[in-house]
Amino acid sequence: MATIEECRSALDKLSDNMQRAEGDVRDAAALDRSVSCHITDLDVTFVGRMRGGRIEVRDTVQGPPPDRAEIRLAMTGDDLVALVDGELNFATAWGSGRVKLHAGFRDLLQLRKLL
């Protein structure tokens, strides 16, 4: 089972990958939205903002997200690490319910380029 530190590191790596993206992916990464990522097996949530092509994690809170972010993810720590490392396909994980993504319709259209 992934640790909180490994999950935070995976989010930092995802942020770095987004920063280096080009084309449509870079456009999707440039959204300015509040973000939460609930790690279900650790019952911890990373809360922050996606802005300027990066994910800025501002806080780590115990339990589910305290506020409703504009983009909300939920998954296990192992799935987060596997997604960022390219070992798990997002569409497959989302389709099977391993990863949950909630966002507005326009954001979902943009995020599909990123994910």
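Residues numbered from 1 in each chain as written. Predicted model: local features only at pLDDT ≥ 70, side-chain atom pairs only at ≥ 80, totals over all residues. Heavy atoms only, no water.

A. Main features of the sheet that holds strand β3 (residues 54-62). Reading across from one edge, β3-β2-β1-β4-β5 is the order of the 5 strands in this open sheet, with mixed pairing throughout. Taken across any chain shown, the strands that pair with only one partner, and hence form the sheet edges, are β3 and β5 (100-103). Strand-to-strand, the axes of this sheet are offset by a mean angle of 20°, without reference to chain direction. As defined by bridge partners, strand β1 (residues 33-39) adjoins strand β2 (residues 44-51) across 7 bridges and the pair is classed as antiparallel. (Pairing = 2+ DSSP bridges. Helix = DSSP H or I, 4+ residues; strand = E, 2+ residues; numbered from the N terminus. Axes fitted to C-alpha atoms, helices over the stretch in contact; angles between N-to-C directions.)

B. The arrangement of the environment of L111 in detail. Mapping L111 onto the fold places it in helix α5 (residues 105-114). Judged by relative accessible area, which is 4%, L111 ranks as buried. When sequence neighbours within four positions are dropped, the list of residues in contact with L111 reads L31, M50, I71, L101 and A103. (Buried < 20%, exposed > 50% of the residue type's maximum accessible area, 1.4 Å probe, protein only. Contact = heavy atoms within 4.5 Å.)

C. Region of the structure containing the packing of aromatic side chains. Inspection of the entire model under this criterion finds 1 aromatic pair. Between F90 and W94 the ring centres are 6.4 Å apart and the planes differ by 15°, which places this aromatic pair in the stacked class. Of this pair, F90 and W94 are both found in helix α4 (residues 90-95), 4 residues apart, which corresponds to roughly one turn of the helix. (Phe/Tyr/Trp six-rings, centres within 6.5 Å; stacked < 30°, edge-to-face > 60°.)

In short, shape yes, function no, at least from these values alone.
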